[in-house]
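# Summary of the model geometry
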Amino acid sequence: MDVQVDKQRLRRTLEALVGERNLFSGQRHLAEVESFIEAELQSYGIPVESDWFSYYGKRYRNIIGQIGSHLRGSPAVLGAHFDSVAGAPGADDNGSGVAVLLESARILAQSPLRSRLLICAFNLEELNMIGSTHLAKKLTAAGTAVEAMISLEMVGYADSRPGSQRYPAGLRWFYPDRGDFIGVIGNFKSISLMRRVARTMRQVPALAVEALAVPGKGELIPAVRLSDHSPFWDLGYPALMITDTAFFRNPHYHSPSDTLETLNIDFMAKVCQGIIRAVRDGLT
């Protein structure tokens, strides 16, 4: 089955998301984005629930949709965080991840899946993965095995100029110096999942995919822990981060210039195609 990603829908979603959404300085837009995500998932016919948690005495929520609730076995989790840092409109970080999450959900809701799929929009990631840590602990406490967790973390910035891609120490000898690929990051426990997902994503024409597996829980390269997959690593679940490599490529990271105009929608659409293929065909 061909995957038909709607680029205009990706752009319209980004237009709704972009803007400071932070509990200290963008509370109103953060709440608006929560409601937008919830309404979008419901409009696709996906049942949605609020996953409430407390942070310094106040209640916040992740938004969770479920596709294929009739399917047995362990669920897979596809997630992205919707908050931004103070002072940044957060187009790439992480409007791009949420836009791909929603477009993937729209298409996957009409696709035959092998496993139940949780579509998770995480809150308060920028405060050290608060929302995703809550969900990972909740799943563990319930004894829920997770087949795979995939975090979409900044997937909209590409730069094909030589030298546009940087890396943590020691990695630049093994990977391209042009920032026009998507990264698939796993730990050793997730290496089989990483290979399947990367292989499936490479089936998208003109999408370059680079994979990296790190030991343990990623402690040796702290930058690979900076997304919602890391709480799942910490609790022993197989998990991946899909990323344009953030500040190793994007000069607008966590700044007022992280705007929609800096993103590559064609690149995002290809990543979205790859994610849909990976969830549909590459998880088992």
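The following paragraphs examine the structure supplied in this document. If you're wondering where the values come from, they're calculated on a predicted model, not measured in any experiment. (Residues numbered from 1 in each chain as written. Predicted model: local features only at pLDDT ≥ 70, side-chain atom pairs only at ≥ 80, totals over all residues. Heavy atoms only, no water.)

### Some thoughts on helix H7 (residues 265–282)
Here H7 is 18 residues long and its end C-alpha atoms lie 24 Å apart, about the 26 Å a rise of 1.5 Å per residue gives. Within H7, 15 of the 18 residues are buried, which leaves it mostly tucked inside the rest of the structure. Two or three places before Asp 266, at the opening of H7, Asn 264 has a side-chain oxygen 3.1 Å from that residue's backbone nitrogen. (Helix = DSSP H or I, 4+ residues; strand = E, 2+ residues; numbered from the N terminus. Expected span 1.5 Å × (residues − 1). Buried < 20%, exposed > 50% of the residue type's maximum accessible area, 1.4 Å probe, protein only. Polar contact = N/O pair within 3.5 Å; in protein donor to acceptor, adjacent residues only side chain to side chain.)

### Details of the packing of aromatic side chains
Each aromatic ring pair is summarised here by two numbers: the centre-to-centre distance and the angle between the ring planes. Tallying each qualifying case throughout the model produces 7 aromatic pairs. A ring pair is formed by Tyr 55 and Tyr 60, whose centres lie 6.5 Å apart and whose planes are at 65°; its orientation type is edge-to-face. Residue class for Tyr 55 comes out buried when judged on its relative accessible area of 18%. The class of Tyr 60 is buried, set by a relative accessible area of 14%. An aromatic cluster of three or more residues is present, and its members are Phe 53, Tyr 55, Tyr 56 and Tyr 60. (Phe/Tyr/Trp six-rings, centres within 6.5 Å; stacked < 30°, edge-to-face > 60°.)

### Topic: the sheet that holds strand E2 (residues 58–67)
Sheet strands pair by backbone hydrogen bonding; their relative direction is either parallel or antiparallel. Across the sheet, which stays open at both edges, the 8 strands sit in the order E1-E2-E4-E3-E5-E8-E6-E7 with mixed pairing between neighbours. Bordering the open sheet on either side are strand E1 (48–55) and strand E7 (208–214), each of which pairs with just one other strand. Averaged over all neighbouring strand pairs, the angle between strand axes comes to 20°, with direction disregarded. Pairing between strand E3 (residues 76–81) and strand E5 (residues 148–153): 4 bridges, direction parallel. The partner of Ala 76 across the bridge, within E5, is Ala 148. Where H7 meets the sheet, its contacts fall on E3, strand E4 (117–122), E5, strand E6 (181–187) and strand E8 (239–243), and the angle it forms with E6 comes to roughly 40°. (Pairing = 2+ DSSP bridges. Axes fitted to C-alpha atoms, helices over the stretch in contact; angles between N-to-C directions. Contact = heavy atoms within 4.5 Å.)

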